[in-house]
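Topology and contacts: notes
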Amino acid sequence: MLALGSPTIGVRTSASCNVLLKELQQIWNDIGESIADQDRMLLELERECLDVYRRKVDEAANAKARLHQSVAAKEAELATLMASLGELNINSPIQREKRANSLKEKLASVAPLVEDLRVKKEERMKQFSDIKAQIEKISGEISGYNHLNNAPVSSLTLDEHDLSVRKLTEYQAHLRTLQKEKSDRLNKVLGHVNEVHSLCGVLGLDFGHTVSEVDPSLHRANTEQSTNISNSTLEGLEQTILKLKTERKARINKLKDIVASLFELWNLMDSSKEERSNFSRVTRIFGISEAEITEPGLLSTEIIEQVSAEVERLAELKASRMKELVMKRRAELEEVCRMAHIEPDISTAAEKSNALIDSGLVDPSELLANIEAHIVKAKEEAMSRKEIMDRIDRWLFACEEENWLEDYNQDDNRYSAGRGAHINLKRAERARVTVTKIPAIVDNLIHKTLAWEDERKKLFLYDGARLVSILEDYKVSRRQKEEDKKKSRNQKKLQDLLLTEKEAMYGSKPSPRKSTSFRKPNGYRSNGNGSVPPTPRRNSVGSGTPELLTPRSYSGRQNGYFKEMRRMSTTPLNFVSIPKEDTMSYSTSVCGSVLGSPPHD
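Residues numbered from 1 in each chain as written. Predicted model: local features only at pLDDT ≥ 70, side-chain atom pairs only at ≥ 80, totals over all residues. Heavy atoms only, no water.

**Let's talk about the overall build of the protein chain**
Helix and strand counts for the protein chain come out as 16 helices and 4 strands. Excluding contacts between residues fewer than 6 apart, the proportion of contacts in the protein chain whose partners are at least 24 apart in sequence is 73%. (Helix = DSSP H or I, 4+ residues; strand = E, 2+ residues; numbered from the N terminus. Contact = heavy atoms within 4.5 Å.)

**Digging into the nonpolar core**
In this structure, Val189, Val196, Leu255, Leu262, Ile293, Leu299 and Val307 are the most contacted members of the largest nonpolar core, which totals 50 residues. Secondary-structure elements contributing two or more residues to this core are helix 2 (35-85), helix 4 (103-143), helix 5 (165-203), helix 6 (207-214), helix 7 (231-269) and helix 10 (301-340). The dominant element in this core, judged by the number of residues it contributes, is helix 7, at 11 residues. Among residues more than four places away in sequence, those in contact with Ile293 are Val202, Ile252, Ile285, Ile288, Leu298 and Leu299. Listed in part, the 26 residues of the second largest apolar core include Ile388, Ala431, Ala465 and Leu467. (Core = buried A, V, L, I, M, F, W, Y, C linked by side-chain atoms within 4.5 Å. Buried < 20%, exposed > 50% of the residue type's maximum accessible area, 1.4 Å probe, protein only.)

**A short note on the packing of helix 4 against helix 5**
With their axes 9 Å apart at the nearest point, helix 4 and helix 5 run at an angle of 30 degrees to one another. Classed by the angle they form, the pair helix 4 and helix 5 counts as roughly parallel. Here helix 4 and helix 5 pass one another in a crossing that is left-handed. The residues of helix 5 that touch helix 4, namely those facing Arg124, Gln127, Phe128, Ile131, Lys132, Gln134, Ile135, Ile138, Ser139, Glu141 and Ile142, are Val165, Lys167, Leu168, Tyr171, Gln172, His174, Leu175, Leu178, Gln179, Glu181, Lys182 and Arg185. (Axes fitted to C-alpha atoms, helices over the stretch in contact; angles between N-to-C directions. Parallel < 35°, antiparallel > 145°, perpendicular 65-115°, else oblique. Left-handed = near helix turned anticlockwise from the far one by under 90°.)

**What about helix 12 (residues 364-409)?**
With 46 residues, helix 12 ought to run about 68 Å at 1.5 Å a step, yet its terminal C-alpha atoms sit only 58 Å apart, falling short of that. A bend of about 55 degrees at Lys386 is the largest found in helix 12. (Expected span 1.5 Å × (residues − 1). Bend = angle between axes of the 7 residues up to and from the residue.)

**Let's talk about the confidence of the model for the protein chain**
Predicted confidence across the protein chain gives a mean pLDDT of 75, with 76% of residues reaching 70 or more. Per-element confidence in the protein chain is highest for helix 14 (residues 438-456), whose mean pLDDT is 90, and lowest for strand 4 (residues 575-577), whose mean pLDDT is 33. Here residues 1-5 is modelled with pLDDT under 50, and outside its nearest four sequence neighbours on either side it reaches 10 contacts, counting other chains as well. Every residue in residues 552-601 scores below 50 in pLDDT, and together they form 94 contacts with partners more than four places removed in sequence or on other chains. (pLDDT = per-residue confidence, 0-100.)

**Points about the pattern of salt bridges**
Counted by the stated rule, this structure contains 29 salt bridges. Between Asp37 and Arg40 there is a salt bridge whose closest N-O contact spans 3.9 Å. Of the two residues, Asp37 and Arg40 both sit in helix 2, 3 residues apart, roughly one turn of that helix. With a relative accessible area of 28%, Asp37 lands in the partly exposed category. Here Lys180 ties to Asp184 by a salt bridge, and the two come within 3.3 Å at their closest N and O atoms. (Salt bridge = Lys/Arg side-chain N within 4 Å of Asp/Glu carboxyl O.)

**Description of unusual backbone geometry**
A positive phi angle, near 55 degrees, is found at His341, a position not held by glycine. Tracing the backbone shows His341 in the loop between helix 10 and helix 11 (350-359).

**Some remarks on a nonpolar patch on the surface**
On the surface, a nonpolar cluster with roughly 280 Å² of combined accessible area is contributed by Leu494, Leu497 and Leu498. Secondary-structure assignment places Leu498 in helix 15 (residues 467-506). Looking at Leu498, the relative accessible area reads 43%, which means it is partly exposed. (Patch = residues over 30% accessible without salt bridge, like charges linked within 9 Å, V, L, I, M, F, W, Y side chains within 5 Å. Areas by Shrake-Rupley, 256 points an atom, 1.4 Å probe, with all protein chains shown as cover.)

**Overview of the packing of aromatic side chains**
Across all of its chains, the model carries 6 aromatic pairs by this definition. Relative to Phe279, the ring of Trp266 lies with its centre 6.3 Å away and its plane at 50 degrees, an arrangement referred to as tilted. Here Trp266 is found in helix 7, whereas its partner Phe279 is found in the loop between helix 8 (273-277) and helix 9 (280-283), with 13 residues between them in sequence. Exposure class is identical for Trp266 and Phe279. Each is buried. On the basis of an interplanar angle of 10 degrees and a centroid distance of 5.2 Å, the ring pair of Trp404 and Tyr408 is categorised as stacked. Residue Trp404 and its partner Tyr408 are located together in helix 12, separated by 4 residues, close to a single helical turn. Of the residues examined, Trp404 reaches a relative accessible area of 1% and is grouped as buried. What links up through ring pairs into an aromatic cluster is the set Phe263, Trp266 and Phe279. Geometry around Phe460 places Arg385 over its ring, the cationic atom sitting 3.9 Å from the centre. Sitting over the ring of Trp404, Arg427 keeps its end group 4.4 Å from the ring centre. (Phe/Tyr/Trp six-rings, centres within 6.5 Å; stacked < 30°, edge-to-face > 60°. Lys NZ or Arg CZ within 6 Å of the ring centre and 35° of its normal.)

**What about helix 10?**
Between the first and last C-alpha of helix 10 there are 55 Å, a value that for 40 residues agrees with the 58 Å anticipated at 1.5 Å per step. His341 lies just past helix 10 and shows a positive phi near 55 degrees.

**What about the environment of Gly464?**
Along the chain, Gly464 turns up in the loop between strand 1 (461-462) and strand 2 (465-466). Judged by relative accessible area, which is 42%, Gly464 ranks as partly exposed. With 123 residues separating them in the primary sequence, Gly464 and His341 have C-alpha atoms 8.1 Å apart.

**A few points about the packing of helix 2 against helix 4**
Where helix 2 contacts helix 4, the two axes come as close as 9 Å, and the packing angle between them is 35 degrees. Seen along the crossing, helix 2 lies across helix 4 with a hand that is left-handed. Looking at side-chain class alone, the contact of helix 2 with helix 4 contains 12 nonpolar, 2 polar and 11 charged residues. (Nonpolar A, V, L, I, M, F, W, Y, C, P; charged D, E, K, R; others polar.)

Here it is as structure tokens:
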């Protein structure tokens, strides 16, 4: 029969088997089974029992192997946890094996230790994660990472093989160092921010916009966002403070200059205390240092613009008064120059003086002094020109008389018995005497002018043109006119001869040519009431040749004649052309004028 390993199990099994065998043998005997069949069936029964035992043994062996593997895994995990946590005071599994006889006892003793170390590892991992998160956050603030794109803490890689207390202590020490550095940097940043706030207040600038240009975290509504305390932020704040201090200094200097000008204008314009009290807040800038200027908005652009506007208003008022005085003296200078026929200095012209005063490039007082000097110089020049100017007046008067006489000789009714005819006749006689003196007057005037130019070493200018050139051109024009008169007389003689021949051939006298009485508006006219005729003026008449020119013909024009001296060799000013059909009558009139006798009718 079968034998079992455990005595208790073996006895119990043997008793049960014996009872069953006896019962089975009884059954077989009752059935009538033979001994051989009974032995065969008992053998098969024993074989089946052995198979069952063998299967059970295999299952037990497999369970033992799995249990042994579990114990080994737990011991290995235990060793790993102890190594990573640095726990060296726990009893080793070898010591525990001496006390444990079975694998289940070993597993039961190791499993609680592993669970405890797992929990402890998770706690230690959380401690490391918290510390590393703080380290990374502070490091990011110090290094200046972008808060909007901040990397999450979960992305940090922890070293699970070294979670010892020593390592944790090192991380905690590093965290404390960073926290101290953060505190120092934060205090420094806050100090810079406060200084920027103070400067922005004085300068009237937007504090939020100013610090946001350095870093948006310095002025934010979201308190969850960390303040950037990096080197770049500190450098940006330092540069901003330097920039604001430079701007403050520049504005102080600018405001001081403006206030100095304001004081000067106040004293000059004798401003009242009420006007000055409006700017008392600004005028105190002279009595305090740069560091003491902390009043908000004192150096703002609005304040500077207000003071500048007041200075500009007072300056305009001053310029207006000075401009009036300058214009008055300039008008006096122009009058002196006009009387002396001198071109005034264009540097003090009214338009230019106004422009210089308005632009502020020239001090009106200096401009006024300059005009005064020009007035003195112009008066001295006028005195030195007086003798020549008197001779010019004589020449111009003679030229006017000559022009009047020409108009008079062209009047067909000059010998009528109308009222005032005898007065005009007497004046014509005097005019003829005066006209004969013109060549001598011109030559003498040229001589005096050249002597003046030699003495003064400069040209004698009359309304901008050289007087000698005017006189020379006048002489040339006069000679040309005399030649034209001579040609006209010869042509008249020839025409008279042709008329005589026609009368002899046809026996009748043609109707006399109507002579044209040439008058200009406001020119010569007979005064029938016997009163003195109006002052005669020159009436220039030409027949395709240049006419005699005089400065008197220029007297009614502003800078016309003397500015067009180069055109004197061509058609002169004040010329009026006569139709060709009236040439003969005009020539006869001119001839009569030159000979001093009435023209032939």
